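# Coordinate inspection notes
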Amino acid sequence: MFTFAATPVKFAGLLILFAWCTIWCVYELTRPQDAKRRVSNALHLVMAVVMLLMVMRPVWSAFVMVFPMPLVVTVFALATLWFVGLTISAYRGAERSLFPHYAGHTAMFAAMVWHLAAMAVKRPHMTPSTGHDMGPSMGPDMAAWMAAESMPGGILWVFALI
């Protein structure tokens, strides 16, 4: 999560980037396409919206209160499987030239699953901020937990290895 006060260029840049991605995905859904492409474009829209929501801590915190992290991770894992299926189908079928295209989308969605799963593991160890309702932030327990879990075999070490 980012704040405008701490990282204004990154904060504004990510908002602009993910807003543009969201707008582009909506545009893509308005174009004529078959069912396979429509599902793929809808999944990209979901990813763009989720990434846009991640930028602002209060918005993200509200989102995960309505849609818990395990549900969000599961949705993206299923989306990844959709693209794995398209990748395998392209490799085995007449659309072999689309194999690299679908493989790239598979990697993109797998990276989103990894990112969300890491966030889900880290979230319970975060402490509420003091002085404002901006969602979770690092507290004294978080530093110790991160140090312990960053050692070989720890959950953060495993995520970093992946």
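My aim in this report is to walk through the structure given alongside it, one point at a time. Since this is a predicted model, take the numbers as computed values, not measurements.

### Concerning the overall build of the protein
Helix and strand content of the protein: 7 helices and 2 strands. Order of helices (α) and strands (β) in the protein, N terminus to C terminus: α-α-α-α-α-β-β-α-α. Within the span of the protein, comprising 162 residues, buried residues form 33% of the whole. Put simply, of all contacts in the protein between residues at least 6 apart along the chain, 56% involve residues at least 24 apart. Accessible surface computed for the protein: about 9,700 Å², of which carbon and sulfur atoms make up 74%.

### A few points about a nonpolar patch on the surface
A cluster of nonpolar side chains, V46, M65, V66, F67, L71 and V75, forms an exposed patch at the surface whose accessible area comes to about 560 Å². Sorting the residues of the nonpolar patch by element identifies α3 (57-66) and α4 (69-92) as the ones contributing at least two each. Inspection of the secondary structure puts M65 in helix α3. The class for M65 is exposed, based on a relative accessible area of 70%.

### Remarks on helix α2 (residues 35-55)
Taking 1.5 Å of rise per residue, 21 residues should cover 30 Å, and α2 covers 31 Å from first to last C-alpha, within 8% of that figure. Of all the positions in α2, only S40, N41, L43, H44, L45, M47, A48, V50, M51, L53, M54 and V55 are classed as buried. In the core, the buried residues of α2 are packed alongside α1 (8-30), α3, α4 and α5 (99-122).

### Observations concerning the nonpolar core
Of all hydrophobic cores here, the largest spans 27 residues; its most connected members are W60, F76, M112 and L116. If you list the elements that add at least two residues to this core, you get α1, α2, α3, α4 and α5. With 8 residues, α4 is the single largest residue contributor to this core.

### Here's the deal with the packing of α2 against α3
Between α2 and α3, whose axes approach to 5 Å, the crossing angle comes to 125 degrees. What the angle tells us is that α2 and α3 run oblique. Contact residues: V50, L53, M54 and V55 in α2; R57, V59, W60 and F63 in α3. Classifying every residue of the contact of α2 with α3 by side-chain character gives 7 nonpolar, no polar and 1 charged.

### Some remarks on the layout of surface pockets
Quantified by volume, the second largest pocket comes out at close to 270 Å³. Around the second largest pocket, the lining comprises 15 residues; the ones closest to its centre are R37, S40, N41, H101 and H105. Those elements that provide at least two residues to the lining of the second largest pocket are α1, α2, α4 and α5. The dominant element in the lining of the second largest pocket, judged by the number of residues it contributes, is α2, at 5 residues.

### Description of the side chain of H105
Of note, H105 is situated in helix α5. Side chain to side chain, H105 and H101 meet in a polar contact 3.2 Å long. Look past the residues within four positions of H105 in its chain and what remains in contact with it is H44 and F83.

### Comments concerning α5
Taking 1.5 Å per residue as the helical rise, α5 with its 24 residues ought to reach 34 Å, and the 34 Å between its terminal C-alpha atoms agrees with that figure. Turning to α5, its buried residues number three or more, namely Y102, H105, T106, F109, M112, V113, L116, A117, A118 and M119.

### Topic: the packing of α1 against α2
The N-to-C vectors of α1 and α2 enclose an angle of 160 degrees; their axes lie 8 Å apart at closest approach. Between α1 and α2, the angle falls in the class roughly antiparallel. Between α1 and α2 the crossing geometry is left-handed. Packed against α1, whose contacting residues are F11, L14, L15, F18, A19, C21, T22, C25, V26, E28 and L29, the element α2 presents R37, R38, N41, A42, H44, L45, A48, V49, M51, L52 and V55 at the interface. Of the residues contributing to the contact of α1 with α2, the split by class is 16 nonpolar, 3 polar and 3 charged.

Rules used in this analysis
- Residues numbered from 1 in each chain as written.
- Predicted model: local features only at pLDDT ≥ 70, side-chain atom pairs only at ≥ 80, totals over all residues.
- Heavy atoms only, no water.
- Helix = DSSP H or I, 4+ residues; strand = E, 2+ residues; numbered from the N terminus.
- Buried < 20%, exposed > 50% of the residue type's maximum accessible area, 1.4 Å probe, protein only.
- Contact = heavy atoms within 4.5 Å.
- Areas by Shrake-Rupley, 256 points an atom, 1.4 Å probe, with all protein chains shown as cover.
- Patch = residues over 30% accessible without salt bridge, like charges linked within 9 Å, V, L, I, M, F, W, Y side chains within 5 Å.
- Salt bridge = Lys/Arg side-chain N within 4 Å of Asp/Glu carboxyl O.
- Expected span 1.5 Å × (residues − 1).
- Core = buried A, V, L, I, M, F, W, Y, C linked by side-chain atoms within 4.5 Å.
- Axes fitted to C-alpha atoms, helices over the stretch in contact; angles between N-to-C directions.
- Parallel < 35°, antiparallel > 145°, perpendicular 65-115°, else oblique.
- Nonpolar A, V, L, I, M, F, W, Y, C, P; charged D, E, K, R; others polar.
- 1 Å grid on protein atoms, 1.4 Å probe; cavity = no way out; pocket = protein on both sides within 12 Å on 5 of 7 lines; lining within 4 Å.
- Points joined across faces, edges and corners; volume = space filled by probe spheres on them.
- Polar contact = N/O pair within 3.5 Å; in protein donor to acceptor, adjacent residues only side chain to side chain.
- Left-handed = near helix turned anticlockwise from the far one by under 90°.

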